[in-house]
Amino acid sequence: MTARLRFDPVALLIVPAVAYLAFAYGIPLFVLLARAFVVDGVPSVSSFVRFFSDPFDWLVIGNTLRIAVAVTLVSLAIGYPTAVALARAKGAAQAAILVAIILPLSVGVVVKAFAWQIVLRRDGVVSQTLVALHLWDTPQRLLFTETGLVIGAVNVFVPFMILPIYSVLKLVDPRLDEAAATLGATPLYRFFRVALPLSLPGIVTGIAFVFSMAVSMYVVPNLLIGDRFQTLATLTGRSFLFMRNEQLGSTTAVVLLALAVATVVGSAALPRRFGGAS
Amino acid sequence: MTTLLTGRPTRRNLLKASAAAAGLLAAPSIVRAQTKELVVGGAAGHKPWVEQIVVPMFEKKYGCKVIFEGTRSLVNLEKMQKNKGAQYMSVVQMDDPVMILAVKEGLLEPITPAKVPNMAEITPAAVHMDGMWANYLQPWLGIAYNKTAMPTPPKSWAELFDPKYKGRIVVPSLQNTEGLPLIFAAGLLAGQSLEAAQKDVDAGFKKLATLKPNLLTIYTQQPQAYNLLEQAEATMIGPAMSSYALERKAAGAPIDLVAPSEGVFAMPSGIAVIKGAPQSDLAFAYVNELLGAELQTKLAGPTYSLATNKAVPRPAGLAPDLKIYQIDWANVAAERNNWISRWDREMAL
């Protein structure tokens with residue numbers, strides 16, 4: 001009776017999840033891959049060759065990545081300080097911040113997108129504020145621009161950046177920072193050598209969450225920028241729904257999937273490169 | 001108008017329906033076969049006026065029962081495909097692009113003047129593919145504008161291109177059926193005839209490229225576009241559907257719809273008899289009634305559409321000499337995907 005061969009019945013607990021994923025995710029994924037890699041009944045990469053040889057498709061890939069990267073970076077820039085504030089806050093203040101982050105998640109994406117349509121208009125509150133602050137000479141429109149899309153998308157996705165970072169920061173012993181201070185480390189040094197490396201696992205999870213959602217978002221670009229700005233997700237949707245071109249739709253979906261997976265895997269390598277210590 | 005369009009079942013209708021159902025269950029099968037029942041498939045949005053105006057009139061005249069199944073055109077097509085050889089629906093009311101698919105699948109029975117005398121009374125352009133289907137009504141495409149942002153109504157399709165409306169124009173995506181005629185309108189502005197503009201879209205697309213600075217957005221969701229127009233973020237939507245724009249106007253929105261001087265485009269509302277339809281005679285009679293002047297006179301108002309029966313006058317506001325362009329939908333169906341990809345490339349931000 002070796003330890004290696006002993007079967008732990010606890011492992012059975014994973015069966016429902018595996019069965020569900022195989023049914024709801026595995027089978028459709030297999031069908032999708034089969035459609036993309038089989039042309040006229042023969043295995044072929046010709047649909048990918050056609051896709052990548054069209055300059056327009058590179059524009060679409062560029063749009064998709066640019067927006068996803070921008071959304072992720074802005075979410076990180078806003079989300080990290082928020083997560084720190086949330087982790088340091090006590091009692092009622094902490095509860096208030098937490099509610100402010102979590103409650104908006106219960107509002108549907110479509111509702112938020114429609115709200116941004118009002119806020120980002122030429123006579124909307126953002127434009128008026130910027131004019132009042134003399135940052136803009138005349139009222140301008142943010143709606144149906146890339147900037148507007150990033151603003152709207154960050155609003156939808158930023159909780160998914162804050163929450164993982166917060167859950168990691170919460171576990172970090174605050175005395176580590178104090179210890180570094182007693183040893184004479186400057187605040188900047190303490191942040192980059194102590195606080196940041198310790199919070200990296202949360203940052204990585206947040207980036208993976210936000211990026212994979214932003215790269216494949218469909219409703220938000222549809223409502224905030226319209227039909228003139230194609231991303232891989234909107235191109236996939238219209239290929240299936242309107243052009244009835246399943247070959248193109250599965251090809252773009254596979255490209256999108258590859259981009260999302262590459263980013264998640266790549267971001268997991270981040271802590272090793274970045275902190276080295278963790 | 002509102003009571004007309006809400007389509008709530010009245011007590012009498014309910015009683016009638018339950019009496020009919022009870023009769024159907026109680027009767028022996030031989031009698032049941034004689035209970036004439038006609039199933040019509042159509043758009044969910046049509047249900048109110050079909051059930052308020054068409055059904056009562058038809059049931060009374062022909063002593064039968066009409067069941068209207070309201071759904072989407074593509075769902076109707078699916079139903080017809082699945083029940084091929086054993087159809088339970090007799091008549092379909094669908095958009096022309098979907099009719100073309102149904103013809104290709106061999107699902108429709110041609111309409112002939114012998115069975116549908118009113119075929120001779122409608123405009124020839126409303127009969128398609130040698131009588132495979134006909135248009136009973138046609139919503140029309142003009143320019144919708146915000147009355148506060150634009151005190152003088154637009155007169156021509158060319159006004160969409162006027163540089164003073166920079167960033168203020170909304171157009172439909174080519175994914176939406178009402179978007180496609182924009183290419184033809186641009187072709188007309190470039191000096192083409194409608195026939196030429198449909199055959200060779202090059203001039204149309206070149207003209208459209210000059211619309212880019214004026215575009216606020218290209219919509220796929222109609223309500224979103226009208227929201228922008230009603231709140232004056234957009235000044236004009238073109239092409240805009242009469243059936244939608246005028247309904248919004250009637251609901252009190254500060255917008256109106258005009259027919260540009262070059263002419264308007266007729267949108268499709270088709271009706272056809274399904275091949276192998278139960279109650280075939282009744283099915284043709286139903287089509288005949290919808291193509292007749294009596295029903296079309298009653299329907300043109302509530303549906304904000306043009307009648308196709310020549311005896312029915314144009315709705316108020318449309319000049320008698322205004323050109324109404326009929327689109328070759330078979331050509332559109334064949335070219336649509338090419339046009340969409342060209343549009344994507346040339347109109348992208």
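Residues numbered from 1 in each chain as written. Chains lettered and ligands numbered in written order. Predicted model: local features only at pLDDT ≥ 70, side-chain atom pairs only at ≥ 80, totals over all residues. Heavy atoms only, no water.

Looking at an unreviewed UniProt entry, chain B carries the name ABC transporter substrate-binding protein, with the source organism given as Methyloraptor flagellatus.

Going by this rule: UniProt positions are given in the numbering used here, feature names are shortened, and annotations may be inferred rather than shown by experiment.
Under an unreviewed UniProt entry, the name given to chain A is ABC transporter permease, and the organism recorded is Methyloraptor flagellatus. The record held by UniProt for chain A lists under Subcellular location (unreviewed entry) the comment "Cell membrane".

**Points about the overall build of chain A**
Worth spelling out the cut-off: By definition, any uninterrupted DSSP run of H or I lasting at least four residues is a helix, any uninterrupted run of E lasting at least two residues is a strand, and each is numbered from the N terminus. When a residue's accessible area, from a 1.4 Å probe over protein chains only, is under 20% of the maximum for its type it is buried; when over 50% it is exposed; and in between it is partly exposed. Should any heavy atoms of two residues lie within 4.5 Å, those residues are considered in contact.
Of regular secondary structure, chain A possesses 14 helices and two strands. The dimensions of chain A, computed from C-alpha atoms along their principal axes, are 80 × 70 × 35 Å. Each of the 278 residues in chain A was classed as buried or not, and the buried ones make up 38%. In chain A, of all internal contacts separated by at least 6 residues, the share reaching a separation of at least 24 is 71%.

**Things to note about the overall build of chain B**
Selection criterion: The Shrake-Rupley method, run with a 1.4 Å probe sphere, supplies the accessible areas, and residue values consider only the shown protein chains as cover.
Looking only at helices and strands, chain B has 14 helices and 15 strands in total. As displayed, chain B has an accessible area near 14800 Å², and 56% of this comes from carbon and sulfur atoms.

**What about the UniProt feature "domain: ABC transmembrane type-1" (unreviewed entry) in chain A?**
The UniProt record annotates "domain: ABC transmembrane type-1" (unreviewed entry) at residues 61-269 of chain A. End-to-end, the C-alpha atoms of residues 61-269 of chain A are 23 Å apart, and along that stretch the chain is 76% helix and 0% strand.

**Digging into the pairing of strand E10 (residues 236-241) of chain B**
Residue and element names in this part refer to chain B. The test is simple: Here, any two strands with at least 2 DSSP bridges between them count as paired.
Summarising burial for E10: six of the six residues are buried, a large majority. Residues Met236, Gly238 and Ala240 point to one face of E10 and Ile237, Pro239 and Met241 to the other, with burial holding for every one of them. Two strands pair when backbone bridges link them, and strand E7 (residues 137-146) and E10 are joined in this way by four bridges, in the antiparallel orientation. Bridging from a neighbouring strand, Leu141 pairs with Met241 of E10. When strand E8 (residues 169-172) meets E10, the two strands line up parallel, connected through two bridges. Pairing of Val170 across the sheet is with Ile237, part of E10.

**As for the confidence of the model for chain B**
Residue and element names in this part refer to chain B. As a reminder of what qualifies: Note on scores: pLDDT gives the predictor's confidence for each residue, bounded by 0 and 100.
Here chain B averages 88 in pLDDT, while 90% of its residues score no lower than 70. For the stretch residues 1-9, pLDDT sits under 50, and the model shows 12 contacts to residues farther than four places along the chain or on other chains. Contacts for the low-pLDDT stretch residues 27-32, under 50 throughout, to residues beyond four places or in other chains number three contacts. Interface confidence for the predicted complex, expressed as ipTM, amounts to 0.79; the pTM equals 0.80.

**Here we look at the pattern of salt bridges**
Here is the rule we go by: When a carboxyl oxygen of Asp or Glu lies within 4 Å of a side-chain nitrogen of Lys or Arg, that pair is called a salt bridge.
By the definition in use, this model includes 21 salt bridges over all chains. As a salt-bridge pair, Glu59 of chain B and Lys65 of chain B come within 3.5 Å of each other at their nearest N and O atoms. Between Lys82 of chain B and Glu78 of chain B there is a salt bridge, with its nearest N and O atoms 3.1 Å apart. Here the residue Lys82 of chain B and the residue Glu78 of chain B both occupy positions in helix H5 (residues 73-82), the gap between them amounting to four residues, near one helical turn. Using a relative accessible area of 39% as the deciding quantity, one classes Glu78 of chain B as partly exposed. Among the charged side chains, a network of salt bridges with common partners joins Arg121, Arg122 and Asp123 of chain A together with Glu233 of chain B.

**Remarks on the packing of aromatic side chains**
Threshold: Ring geometry is summarised as follows: Phe, Tyr and Trp rings, the Trp one being its six-membered ring, pair when their centres sit within 6.5 Å, and such pairs are stacked at plane angles under 30 degrees, edge-to-face over 60 and tilted between the two.
All chains considered together, the criterion is met by 12 aromatic pairs over all chains. Considering the side-chain rings of Phe51 of chain A and Phe52 of chain A, the 5.3 Å spacing of their centres and the 80° angle between planes classify their relative orientation as edge-to-face. Judged by its relative accessible area of 32%, Phe52 of chain A is partly exposed. Pairing Phe265 of chain B with Tyr325 of chain B gives two aromatic rings, centres 5.4 Å apart and planes at 35°, and the pair type is tilted. In this pair, Phe265 of chain B is assigned in strand E12 (residues 264-266) and Tyr325 of chain B in strand E15 (residues 324-325), connecting sequence segments 60 residues apart.

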